[in-house]
Amino acid sequence: MSLSNTPFERLRRKFDDSGLECGQCGNRETNGGWRVTTTGSRVHYQFVCPACRAVETKEMRLHSNR
Ligand SMILES: [Zn+2]
């Protein structure tokens, strides 16, 4: 399965662009490190802060574009 031109990748780029600030220690991690899992129409993003090991999660719903 290719993720090169999918909503996943676009969302990922959006996160990469804005960066992620750790809610626990304020560390800004821009090197990625998102783990993306999907369950049908939802996408879960999980990020583990390398500094304090806090776990950030986001959930997105995919909109079918038709
Ligand atoms: Zn942190």
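Since we're looking at a predicted model, the values are computed, not measured. (Residues numbered from 1 in each chain as written. Predicted model: local features only at pLDDT ≥ 70, side-chain atom pairs only at ≥ 80, totals over all residues.)

J.: Just to check I follow, could you spell out the overall build of the chain for this structure?
T.: Along the backbone of the chain there are one helix and five strands. Across the 66 residues in the chain, those meeting the buried criterion constitute 3%. Taking contacts inside the chain between residues at least 6 apart in sequence as the whole, the part at least 24 apart equals 39%. (Helix = DSSP H or I, 4+ residues; strand = E, 2+ residues; numbered from the N terminus. Buried ≥ 20, exposed ≤ 12 C-beta atoms within 10 Å, placed from the backbone. Contact = placed C-beta atoms within 7 Å.)

J.: What's the story with the sheet that holds strand β4 (residues 42-48) in this structure? I'm lost.
T.: Judged by pairing direction, the sheet is antiparallel, and its three strands sit side by side in the order β3-β4-β5 without closing on themselves. Either end of the sheet is taken by a strand with one partner, and the two such strands are β3 (34-39) and β5 (55-61). This sheet shows a mean twist of 20° between the axes of neighbouring strands, independent of strand direction. With seven bridges connecting them, β4 and β5 associate as antiparallel partners. Following the sheet pairing, V43 is matched in β5 by M60. (Pairing = 2+ DSSP bridges. Axes fitted to C-alpha atoms, helices over the stretch in contact; angles between N-to-C directions.)

Everything listed here is a matter of geometry and, on its own, says nothing about what the molecule does.
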